[in-house]
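Next come the chains, spelled out residue by residue.
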Amino acid sequence: MNPVYYDASYLLKLQIVESGTIEVRGHASTVREIHSAHHGRAEFASAAFRKVREGVAAPADFQRLMTQFHADCLSGTILLLPLTDTILDRVDSIFATAPVTVYLRAADALHLPPPPNTDSPRFTPTTPTSSPPPRSSACAG
Amino acid sequence: MMEAECYLFFNMPALVIKSFPEDLHARLRQIAAAHRRSVTQETIHLLEAAIAAEETATAAASSSQSKWANRKLLPEYEAMLKTGAFSGGVDSTIALSEDRDAR
């Protein structure tokens, strides 16, 4: 079983119930562990807090969600991969070689760069799908 | 050594197994007769059962290695989900896309 890379949207669909949750949870059950970029943690919190702002969750619910998320990070279920200079260099090269018509946001680009010699699929529904993940294994619980 | 070949007859797949062991064929005929099925029907029935068992075992083995499938749920989080919290509002995919647009 290979690890898989999810972006923040997939991380949130795992933890709360919304469109696509069943499919993402089903997929997560077939992979060893879940990887995401470090900044995905802030995106996860931001998108979850928007639900609080919209009145579909209470601030206490937000705390419970984040506690579970951090527990999943600490247990190694979700690994948040550090944004290293190597990753940023690869972001540079993505922009350097992208067609002029490509609209790629900074946060999208940070989710994209795969390290060489990896073969896990990436799932980034808010961005174009690219190739593999694991840069290293670090968890910021 | 047994060999199997697949054919399509009038768009229906057919399976021909060469060198099928005689004793196995005899047992298959007996079981089919006991179940009031043809040998073909019995073969399909047995294959369906065997394949379903194999698929179930594979899925179970797969899920036992998944950290997500075996993660520990915090009681407060589990209870919160049952209340329907976070259901509704803007989908996270759209929320994150808007968030990235705003930066």
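In short, a report on the structure. (Residues numbered from 1 in each chain as written. Chains lettered and ligands numbered in written order. Predicted model: local features only at pLDDT ≥ 70, side-chain atom pairs only at ≥ 80, totals over all residues.)

**Section: helix H4 (residues 92–102) of chain B**
Consideration 1: Among all positions in H4(B), only B:Ser92, B:Thr93, B:Ala95, B:Leu96 and B:Ser97 are buried.
Consideration 2: The secondary structure elements touched by the buried residues of H4(B) are helix H1 (8–15) and helix H3 (40–53) of chain A. (Buried ≥ 20, exposed ≤ 12 C-beta atoms within 10 Å, placed from the backbone. Helix = DSSP H or I, 4+ residues; strand = E, 2+ residues; numbered from the N terminus. Contact = placed C-beta atoms within 7 Å.)

**Notes on the interface of chain B and chain A**
One frequently used descriptor of interface size is the decrease in accessible area upon assembly of the parts.
Consideration 1: Each partner contributes residues to the interface: chain B has 30 residues there, and chain A has 41 residues.
Consideration 2: For the side of chain B that touches chain A, the secondary-structure elements that each account for two or more residues are helix H2 (39–65), helix H3 (75–82) and H4 of chain B.
Consideration 3: A total of eight residues in the side of chain B that touches chain A trace back to one element, the largest contributor, which is H4(B).
Consideration 4: Split into classes, the residues belonging to the side of chain B that touches chain A amount to eleven nonpolar, ten polar and nine charged. (Nonpolar A, V, L, I, M, F, W, Y, C, P; charged D, E, K, R; others polar.)

**Re the packing of H3(A) against H4(B)**
Each packed pair of helices is defined by two parameters, the angle between the axes and the distance between the axes.
Consideration 1: The contact between H3(A) and H4(B) brings their axes to 10 Å, and the two run at 115°. Here H4(B) runs roughly perpendicular to H3(A), going by the angle between their axes. By crossing handedness, the relation of H3(A) to H4(B) is classed as right-handed. Mapping the contact onto sequence places A:Glu43, A:Ser46, A:Ala47 and A:Arg50 in H3(A) and B:Ser92, B:Ala95, B:Leu96 and B:Asp99 in H4(B).
Consideration 2: Per-class residue counts for the contact of H3(A) with H4(B) are three nonpolar, two polar and three charged. (Axes fitted to C-alpha atoms, helices over the stretch in contact; angles between N-to-C directions. Parallel < 35°, antiparallel > 145°, perpendicular 65-115°, else oblique. Left-handed = near helix turned anticlockwise from the far one by under 90°.)

**Some details on helix H5 (residues 85–97) of chain A**
Consideration 1: Look at H5(A): 18 Å from first C-alpha to last across 13 residues, which is about the 18 Å you get at 1.5 Å a residue.
Consideration 2: The element H5(A) is barely covered by neighbouring structure, given that only one of its 13 residues are classed as buried. (Expected span 1.5 Å × (residues − 1).)

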